[in-house]
Amino acid sequence: MITTILREDSFPGVKKVQKKFNIFRAIDIKSDSILESVEFMNKDGVFRGFGRNTNEAFKNAKQVLKKYYNSKQAIPA
């Protein structure tokens, strides 16, 4: 298993997501199989997305993050 931190110079979409959702860490995990995962970490938790490559996993993790905040806003406090 190979773990790398996604930075804006190596993966351009990270900076925009970091600013919008206050992400302090974005990690790419490549396993021995064909599955890859991307994890976003912020004060509310860890949001994971899986895919066959980094781009697909990044998009899925971003969707998970958006769904969480959309459902959080729909529930009245």
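Rules behind the numbers
- Residues numbered from 1 in each chain as written.
- Predicted model: local features only at pLDDT ≥ 70, side-chain atom pairs only at ≥ 80, totals over all residues.
- Heavy atoms only, no water.
- Helix = DSSP H or I, 4+ residues; strand = E, 2+ residues; numbered from the N terminus.
- Rg over C-alpha atoms; globule rule 2.2 N^0.38 Å.
- Buried < 20%, exposed > 50% of the residue type's maximum accessible area, 1.4 Å probe, protein only.
- Contact = heavy atoms within 4.5 Å.
- Areas by Shrake-Rupley, 256 points an atom, 1.4 Å probe, with all protein chains shown as cover.
- Lys, Arg positive; Asp, Glu negative; His and termini not counted.
- Charge placed at Lys NZ, Arg CZ, Asp CG, Glu CD.
- Pairing = 2+ DSSP bridges.
- Axes fitted to C-alpha atoms, helices over the stretch in contact; angles between N-to-C directions.
- Phe/Tyr/Trp six-rings, centres within 6.5 Å; stacked < 30°, edge-to-face > 60°.
- Salt bridge = Lys/Arg side-chain N within 4 Å of Asp/Glu carboxyl O.

Asks: Teacher, can you tell me more about the overall build of the protein chain here?
Replies: On a plain count of helices and strands, the protein chain comes out with two helices and four strands. Computed over C-alpha atoms, the radius of gyration of the protein chain comes to 13 Å, within 12% of the 11 Å expected from 2.2 N^0.38 for 77 residues, which places it in the range of a compact globule. Among the 77 residues that make up the protein chain, the fraction classed as buried is 34%. Long-range pairs, those at least 24 residues apart, make up 29% of the contacts in the protein chain between residues at least 6 apart in sequence. Accessible surface, the protein chain as shown: approximately 5,500 Å² in total, 53% of it carbon and sulfur. Across the protein chain, the mean location of the 15 positive side-chain charges is 9 Å away from that of the 8 negative side-chain charges.

Asks: What is the right way to look at the sheet that holds strand E2 (residues 25-30) in this model?
Replies: In sheet architecture, strand pairing relies on hydrogen bonds along the backbone and comes in two forms, parallel and antiparallel. Pairing is antiparallel across the open sheet formed by four strands, whose spatial order is E1-E2-E3-E4. Here the strands that pair on one side only, and so sit at the sheet edges, are strand E1 (2-5) and strand E4 (45-51). Strand-to-strand twist of the sheet, defined as the mean angle between neighbouring strand axes without regard to direction, takes the value 20°.

Asks: Looking at this structure, I do not really get the packing of aromatic side chains. What am I missing?
Replies: Both the distance between ring centres and the angle between the ring planes are used here to describe each pair of aromatic rings. Scanning the entire structure with this criterion turns up six aromatic pairs. Ring geometry for Phe-21 versus Tyr-69: centroids 5.5 Å apart, planes at 20°, classification stacked. Taken together, the residues Phe-21 in helix H1 (residues 14-21) and Tyr-69 in helix H2 (residues 54-74) connect sequence positions 48 residues apart. Tyr-69 shares its class with Phe-21; the two are buried.

Asks: Which parts of the structure should I look at to understand the pattern of salt bridges?
Replies: In a structure, side chains of opposite charge can pair up when their charged atoms sit close to one another. A complete count under the given rule lists three salt bridges for this structure. For Glu-8, the salt bridge goes to Lys-15, with nearest N and O atoms at 3.6 Å. In this structure Glu-8 comes out as partly exposed when scored by relative accessible area, which is 48%. Residue Lys-43 pairs with Asp-44 through a salt bridge whose shortest N-O separation is 3.8 Å. Note on Lys-43: relative accessible area 69%, which makes it exposed.

Asks: Please clarify how unusual backbone geometry should be interpreted in this entry.
Replies: Negative phi characterises most residues that are not glycine, and trans characterises most peptide bonds. With a phi angle near 55°, Asn-22 is a residue other than glycine that sits in the positive phi range. Here Asn-22 shows up in the loop between H1 and E2. Overall, Asn-22 belongs to the exposed group, its relative accessible area being 52%.

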